Amino acid sequence: MTAAPAGTDVGRGARGGRGGGRVAAGRRLAVDLAFWVAVGLLAAANVVVLANGITTVRLWEDEAFNLTVPVNLVQGLGYTSDGTLSGSEPAPFDVRISTGPVMLLPMAGLIALGVDPVLAGRAVATLGYAGLLAALALVGHRLGGRWAALVAVAVPLAFETGAMPSPIQTPADILGEVTAAAFLAAALLFVHRRPWLAGLLLGLAIQVKFIALLAAPAFALAMLLDAPGPWGARLRRTIPRVLAAAGAAAVPTVLFELAKLVALGPAAYWQLLREFSWFLRSGGQQGYATSPLDKLATLAGSWNLPALLVALLAVVAVVAGAVVIVRARRRMPQPAAEYTTIVLAAGLALATFLAWWLVSRHTPAWVRHPAPAVLAFLPVLAAAVVPAVRVLLGARDRSAADEPAPRRVHPGGIAAAAASVIAVVVLAWSIGGRVAGVGTQSRPTGETLADQRTAARDIAEFGYDHVATVWGPAVSVGVLAGARVGLTDAVDVTADLPRIWFGEPPPRCDIRLQSGLYTVCVPE
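Before going into details, it helps to say that this report is about the structure given with it. In this text, all values refer to a predicted model and were calculated from it rather than measured experimentally.

1. Re the overall build of the chain
Along the backbone of the chain there are 17 helices and 7 strands. The burial tally for the chain puts 46% of its 524 residues in the buried class. Long-range pairs, those at least 24 residues apart, make up 69% of the contacts in the chain with a sequence separation of at least 6. When the accessible surface of the chain is totalled, it reaches about 24,900 Å², and 67% of it is carbon and sulfur.

2. Considerations on the packing of aromatic side chains
Throughout the structure, instances matching the rule amount to 12 aromatic pairs. Here Arg146 stacks its cationic end above the ring of Phe35, 4.7 Å away from the centre of that ring. Looking at Lys260, its charged tip hangs above the ring of Phe276, at a distance of 5.9 Å from the centre.

3. Details of the packing of helix H2 (residues 61-74) against helix H3 (residues 101-112)
Packing of H2 against H3 leaves a shortest axis separation of 8 Å and a crossing angle of 50°. Taken as axis vectors, H2 and H3 run oblique relative to one another. Considering how the two elements wind past one another, H2 and H3 form a crossing that is right-handed. Packed against H2, whose contacting residues are Asn66, Leu67, Val69, Pro70, Val71, Leu73 and Val74, the element H3 presents Leu104, Leu105, Met107, Ala108, Ile111 and Ala112 at the interface. Split by residue class, the contact of H2 with H3 holds 12 nonpolar, 1 polar and no charged.

4. Section: empty space enclosed by the protein
For the structure on display, the rule yields 2 cavities of 30 Å³ or more. Looking at the largest cavity, its volume works out to about 80 Å³. Every residue along the wall of the largest cavity is listed here: Tyr129, Leu132, Pro156, Phe159, Thr161, Ile168, Thr170, Pro171, Val178, Leu375 and Arg434. Ranked by residue count, the leading element in the lining of the largest cavity is helix H4 (residues 117-158), at 3 residues. Residues of the lining of the largest cavity, tallied by class, amount to 8 nonpolar, 2 polar and 1 charged.

5. Details of the packing of helix H6 (residues 195-206) against helix H8 (residues 231-264)
Axis separation between H6 and H8 bottoms out at 7 Å; the angle between their running directions is 30°. Between H6 and H8, the crossing angle belongs to the class labelled roughly parallel. The way H6 lies across H8 gives a crossing that is right-handed. Within the contact between the two elements, H6 uses Pro195, Trp196, Gly199, Leu200, Gly203, Leu204 and Ile206 and H8 uses Arg241, Ala244, Ala245, Ala248, Ala249, Pro252 and Thr253. Partitioned by chemical class, the residues of the contact of H6 with H8 number 10 nonpolar, 3 polar and 1 charged.

6. Remarks on unusual backbone geometry
Positive phi, close to 50°, is recorded for Phe93, a residue that is not glycine. Mapped onto the fold, Phe93 is located in the loop between strand E2 (91-92) and H3. What makes Phe93 buried here is its relative accessible area of 11%. In the Ramachandran plot, Asn304 falls in the positive-phi region, its phi being about 55° despite a non-glycine side chain. Note that Asn304 resides in the loop between helix H10 (292-300) and helix H11 (307-329).

Rules used throughout
Residues numbered from 1 in each chain as written. Predicted model: local features only at pLDDT ≥ 70, side-chain atom pairs only at ≥ 80, totals over all residues. Heavy atoms only, no water. Helix = DSSP H or I, 4+ residues; strand = E, 2+ residues; numbered from the N terminus. Buried < 20%, exposed > 50% of the residue type's maximum accessible area, 1.4 Å probe, protein only. Contact = heavy atoms within 4.5 Å. Areas by Shrake-Rupley, 256 points an atom, 1.4 Å probe, with all protein chains shown as cover. Phe/Tyr/Trp six-rings, centres within 6.5 Å; stacked < 30°, edge-to-face > 60°. Lys NZ or Arg CZ within 6 Å of the ring centre and 35° of its normal. Axes fitted to C-alpha atoms, helices over the stretch in contact; angles between N-to-C directions. Parallel < 35°, antiparallel > 145°, perpendicular 65-115°, else oblique. Left-handed = near helix turned anticlockwise from the far one by under 90°. Nonpolar A, V, L, I, M, F, W, Y, C, P; charged D, E, K, R; others polar. 1 Å grid on protein atoms, 1.4 Å probe; cavity = no way out; pocket = protein on both sides within 12 Å on 5 of 7 lines; lining within 4 Å. Points joined across faces, edges and corners; volume = space filled by probe spheres on them.

Now the structure itself:
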């Protein structure tokens, strides 16, 4: 066979092929560069937020209250809080401590090794946040490759949870919501392939924050539907998987309840169960009657964007995202069973959390309550849109077998591309607002962790074992000073105790110390 002359169509095609290859390679390089630049910027943003959260942001009273359990455990007092909200006496397995042993026990281990309690608590919390990002990246990559993973990892940083009076100031706060979200996101990795392991991870999430139990019905339904064929055959295959997952999910809770029973005895354990039942039904709150609109406004205001804009975008995103996912799923080249199961579990779980929060009028409009679901499931749903948009944009016309299939411009695909660009801009804007606000948030005390430590050192010189105050900033300083903290309204226990006051003390209190924003006095 002789070579085709350079001037023929074949020669021109060869040169065009080489030129086209260079263009494609350049395009791939540009895409790779854009991806890694985005990864670098996102990593830097997380470092800025976490570094400030670990070393600078004040220890607020819920964090301090949680810390009393691992500190007391290391001191040989058992799994006991100071009882600040439970009669101001040591409270074994205090139901008011809603952060569970999966998070508190590792803190105790670090404290036992000599790590500062605040740094120990925030190190464990930071590990939980890193686990959340890792789980979301893996789920996102499984759904739609590296860009879907990047979207999933970006969403949690855009979610601003610092609204008072009950904030998650940063992901390093000594609270359980972020770590619970990490286990919930990890459970999605296995909901299709290993349901029993997904159940175990759900069980661990429950023992970080009991509210994670709300995700159980969504996971169960997604597992039940995760099989092809007629309903009868499908259920015969999936019911054993669901039962295995339920059994695995129960293991962490059963073990913890057995530990309580052994430590307390039957009578005290039964009383604790009754207290926990009250806490579960009431949310530990009294006197609230919050409307769903107030809660929606709080949620919409948690993205460093105008709340009205967020509300509008949310409605559009839900409708458009659902349409895109449903249409694209039918055209996916590979079996979409795992994609469907993960998206179904995440969507139902997020809807369950939000529905519970909105209808429970007795709970306040604190974004902490739905935070585990927003952090675990919303990023996954956002990531699921990425491959769906890619499928719609890559649609081709059917052509003869020996002809290349020309691309067909779909109005829906164009709309999806435009919406994707808008979503990227909005997400970047929200994350930028989060980073720009580091160190500038207005807190009720205006103090840093270093300011609190200074006051606590001064107070610790008195050697008080037990102090009293009102619920608020002084609780944290009391815990940092190494004292047990009770409340002044528990008069039978705290009537004669030294007081720590934030700001001006009341009359008839003999002042012993003023340090920063705090005053120590003794009742006259």
